[in-house]
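Descriptive structure summary
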Amino acid sequence: MNSTSFFENIIAMYGENLIWYAAFAFPFFFTFWIVGKKYFKKIRIQETERANLHHFKHDLGFSASTFLIFAIMDVCFLYLESIGYTFIYFDIADYGYWWLIVSFLIVLFIDDMFFYWSHRAMHHPKLYKFFHRVHHESTDPSPLTAFAFHPSEAVIEQMMHVVLPFLLPLNFGVMIAWQIFSMLNNVLGHLGYEIYPKGWVNFPLLQFKTASTHHNMHHQLFNGNYALYFTWWDKWMGTEFKDYGNRHNQIFERKNIKKSTEGLYSLTISDIRQEVNDAFTIEFANVHSIFRDFSAGQHITIKVNIKGETLYRTFSISSIPNTDNFLTLTIKKIKNGKVTNFLAENLKVGDSLEVTAPSGLFILNPEPAHQKNYVMIAGGSGITPIYSMIGTILKFEPKSQITLLYANRTSNRIIFKENFEKWAKEFPNQIEVKHFLSEEESPKKAVKGYITRISIEEILNRYGKNKVDFYLCGPEIMTNKLIEDLQYLGISKEKIHRELFLITAQNQANTSQKAQVSAKVFGKSYQFETQEGKTILQSGLDQNIPLLFSCQSGLCGMCKMKCTEGKVMMKSNQVLTEMDIKEGYILTCQSIPQSKAITIKNL
């Protein structure tokens, strides 16, 4: 075989490999991720959708390079086969039918063993960035992710398909069956949806075949579930995630979760812990996956009844997502705060609260492959979502660096102080904590005063302004000033994330018109007219229309409804995603009518 025919064969094989990829990955991607996305949502593994166009493009690009590597290896292999160096045979009678079955099982066992140990090796810190980092760009994998490998990893992935035919007599039909089984298994492992039935992980023999949830958890949680085809290596080596079985089964139990007529969930309090001063933490144990698989930084809304008055308040989640089987809210009592004072003085272990699902756009979704520099800025109780974000980075993004700037009046007001000290000792090369105390003379291990532009400049001098992501949460006066400082220092808007975010539409929302609104709330229809300059919610409440609401600031999502007719302008939005808005969802507390007729309905 001369060089010309060699390259021609590579091109031909490359085209054939791409056809195999398209035949396996594309139908599953279009069926589950595009056409049947809403229908199959009930069996989606991760409750929070984290994959986006960036990930899809990334996966397609590296899959293309993977199959080029496969083509080169395949052509070299076929050349050696053609001159008699392999043990591939075509006549079944040469070894009999029994060897077809036995040899197929042998290659699966060896391939699975090689994958497990090579996979674990590629997770070693010194090897990871050279082999496996590319594949872990997707924490919410899709079928397109199945073969998105760095070229060096692609060589390892194809290794057994090239080596074993030199060691064992394998029928050509076994080779084809092996390839089909391998590709199908790989696509299903990255499907993002669980097609293996309920109870699969509990059957005596079936439990050893990896379900889709098994590998999905590896992408999301990183250090565990390394297996390819079967679970026994993870079980034998103790690397299987302990809640793998529960995760799988809970997917099919979602439909049985009871909600109130308002769409609220009931959570039972398992613990109440006093933090510092007027701050306390409420813990809900044995929560469903929707309260574990959230994005760090999100919040939930609580419904309480105080002396016959129904009130709603929104609180940030302080627990770390996908870590423990509980959810925590850390709350600070507010002077004259009706709800916070009621919760602090009346709640006890065993009580139940009605809450919404986690929501909010002030979020951080970790990517194990990333190596970022984060600057977390918090003031007072604004530390709550920041705490969840920091814990998430430490657990799921081990290569990233964190600098926390935390402002309080005095040291006895520092929430999570002991936990931060513990993290600083446990992760000395990953997190740095700086406290700023404005009202304490000669503070120990803290800066006297406020977080200033100088504090930020010191960090930028260390990392560079284009290599830092800022997350801010705290009093509005503080964060407004710091955002001005960041912009003055040349930090782009894309690098600044803040708890309160007003969209540009706010400046245009003064122009409104009266509108006839048809609202369907929990099956009942209502008609009312909006008042000029007022939101749909304000106009409805003025006329005793039972529209749901809580914060009235565009933060909690309690007033979320779907607009099926008409046009509105939202002043503020911290809850709805781009997909929500495309599907017609609005926040009535922020929606100013822009058309004469509007039709809305609740979820």
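Treat the numbers as computed from the prediction; the structure is a model and nothing was measured.

Another point: the overall build of the protein. Looking only at helices and strands, the protein features 16 helices and 21 strands. A compact globule built from 603 residues would reach a C-alpha radius of gyration of about 25 Å, and the protein, at 28 Å, matches this within 12%. Referenced to the eigenvectors of the C-alpha coordinate spread, the extents of the protein come out at roughly 85 × 65 × 50 Å. In the protein, which comprises 603 residues, the proportion classed as buried is 53%.

In this section: helix α9 (residues 244–253). In terms of burial, α9 is a largely internal element, seven of the ten residues being buried. Within α9, the full set of buried residues consists of Y244, R247, H248, N249, Q250, I251 and F252. Buried residues in α9 make contact with α7 (212–221).

For the rest of this paragraph, the subject is the packing of aromatic side chains. How two aromatic rings sit relative to each other is given by the distance of their centres and the angle of their planes. Inspection of the entire model under this criterion finds 46 aromatic pairs. Centre to centre, the rings of F104 and F181 are 6.2 Å apart; their planes meet at 85°, and the pair counts as edge-to-face. Taken together, the residues F104 in helix α3 (residues 97–122) and F181 in helix α6 (residues 172–189) connect sequence positions 77 residues apart. Owing to a relative accessible area of 21%, F104 belongs among the partly exposed residues under this scheme. Note that K42 overlies the ring of Y39, its terminal NZ or CZ placed 4.3 Å from the centroid. The ring of Y193 is capped by R44, whose NZ or CZ atom sits 5.8 Å from the centre of that ring.

For the rest of this paragraph, the subject is the nonpolar core. One broad trend across soluble globular proteins is that nonpolar side chains are buried collectively. Counting residues in hydrophobic clusters, the biggest one holds 51 residues, and the most contacted among them are F32, W33, I43, F147, W178 and Y193. Breaking this core down by element, the ones donating at least two residues are α1 (3–35), α2 (53–82), α3, α5 (151–163), α6, α7 and α9. Sequence-distant contacts of F147, that is, excluding residues within four places in its chain, are made with Y21, F62, S63, T66, F67, F70, M183 and N186.

Counted residue by residue, strand β7 (residues 326–332) has five buried out of seven residues, so it is predominantly covered. Pairing of strand β4 (residues 279–285) with β7 involves seven bridges; the strand directions are antiparallel. The residue bridging A279 from the neighbouring strand is K332, located in β7.

Turning our attention to the packing of α3 against α6. Interhelical geometry of α3 versus α6 gives an angle of 40° and a closest axis separation of 10 Å. Judged by the inter-axis angle, α3 sits oblique to α6. Crossing of α3 over α6 shows right-handed handedness. Here α3 contributes L100, S103, F104, V107, L108 and D111 to the contact with α6, which in turn contributes V174, A177, W178 and F181. A per-class count over the contact of α3 with α6 returns eight nonpolar, one polar and one charged.

What follows concerns the confidence of the model for the protein. Scored by pLDDT, the protein comes out at a mean of 92, with 97% of its residues at no less than 70. When the criterion is pLDDT under 50, residues 501–509 qualifies, and its contacts beyond four places in sequence or with other chains add up to 14 contacts.

What follows deals with the sheet that holds strand β21 (residues 597–601). One open sheet accounts for five strands, arranged β16-β15-β21-β17-β19; its pairing is mixed. Edge positions in the sheet fall to β16 (524–529) and β19 (585–587), since each of these pairs with one other strand and no more. For this sheet, the mean angle separating the axes of adjacent strands, direction not counted, is 35°. In this sheet, β19 lies alongside strand β17 (residues 560–565) in antiparallel orientation, the contact comprising three bridges. Bridge assignment links K560 to a residue of β19, and that residue is L587.

Tracing the chain through its elements places I43 in the loop between α1 and α2. Since its relative accessible area comes to 15%, I43 is described here as buried. Each C-alpha atom of the pair I43 and G474 lies 37 Å from the other, and the pair is 431 residues apart in sequence. Sequence-distant contacts of I43, that is, excluding residues within four places in its chain, are made with F32, Y193, E194, I251, F252 and R254.

This part takes up α5. For α5, built from 13 residues, the straight-helix expectation of 18 Å at 1.5 Å per residue is met to within 8% by its first-to-last C-alpha distance of 18 Å. At E157, α5 shows its strongest bend, of approximately 35°. Packing partners of the buried residues in α5 comprise α2, α3, α4 (125–131) and α6.

Our focus in this paragraph is the environment of H58. Structurally, the position occupied by H58 is in helix α2. A C-alpha to C-alpha distance of 8.8 Å links H58 and S138, two positions 80 residues apart in sequence. In this view, H58 contacts V134 and E137; residues no more than four positions away in its chain are not counted.

Before going further, it helps to spend a moment on unusual backbone geometry. Phi is positive for K445, which is not a glycine, with a value near 55°. Structurally, the position occupied by K445 is in the loop between β11 (431–437) and β12 (447–448). The exposure class of K445 is exposed, given its relative accessible area of 82%. Although it is not a glycine, F522 adopts a positive phi angle of roughly 50°. Mapped onto the secondary structure, F522 falls in the loop between β15 (516–521) and β16.

Judged by side-chain polarity, Y79, L80, I83 and Y85 come together as a nonpolar surface patch covering roughly 380 Å² of accessible area. In this fold, I83 is placed in the loop between α2 and β1 (88–89). Look at I83 and you get partly exposed, because its relative accessible area is 42%.

All right, on to the side chain of H132 then. Residue position: H132 is located in the loop between α4 and α5. Overall, H132 belongs to the buried group, its relative accessible area being 1%. Only 3.3 Å separates the side chain of H132 from the side chain of H136, close enough to count as a polar contact. Leaving out residues up to four positions away in the same chain, H132 has contacts with H119, M122, H123, E153 and H218.

What follows concerns the side chain of S319. Counting through the fold element by element, S319 comes out in the loop between β6 (309–316) and β7. The exposure class of S319 is buried, given its relative accessible area of 5%. Ignoring anything within four residues of it in the chain, the contact list for S319 reads F294, F326, L327, T328 and S388.

Taken together, the three bridges between β17 and β21 define a ladder with antiparallel strand orientation. Bridge pairing in β21 places E565 opposite T599.

Conventions and cut-offs
Residues numbered from 1 in each chain as written. Predicted model: local features only at pLDDT ≥ 70, side-chain atom pairs only at ≥ 80, totals over all residues. Heavy atoms only, no water. Helix = DSSP H or I, 4+ residues; strand = E, 2+ residues; numbered from the N terminus. Rg over C-alpha atoms; globule rule 2.2 N^0.38 Å. Buried < 20%, exposed > 50% of the residue type's maximum accessible area, 1.4 Å probe, protein only. Contact = heavy atoms within 4.5 Å. Phe/Tyr/Trp six-rings, centres within 6.5 Å; stacked < 30°, edge-to-face > 60°. Lys NZ or Arg CZ within 6 Å of the ring centre and 35° of its normal. Core = buried A, V, L, I, M, F, W, Y, C linked by side-chain atoms within 4.5 Å. Pairing = 2+ DSSP bridges. Axes fitted to C-alpha atoms, helices over the stretch in contact; angles between N-to-C directions. Parallel < 35°, antiparallel > 145°, perpendicular 65-115°, else oblique. Left-handed = near helix turned anticlockwise from the far one by under 90°. Nonpolar A, V, L, I, M, F, W, Y, C, P; charged D, E, K, R; others polar. pLDDT = per-residue confidence, 0-100. Expected span 1.5 Å × (residues − 1). Bend = angle between axes of the 7 residues up to and from the residue. Patch = residues over 30% accessible without salt bridge, like charges linked within 9 Å, V, L, I, M, F, W, Y side chains within 5 Å. Areas by Shrake-Rupley, 256 points an atom, 1.4 Å probe, with all protein chains shown as cover. Salt bridge = Lys/Arg side-chain N within 4 Å of Asp/Glu carboxyl O. Polar contact = N/O pair within 3.5 Å; in protein donor to acceptor, adjacent residues only side chain to side chain.

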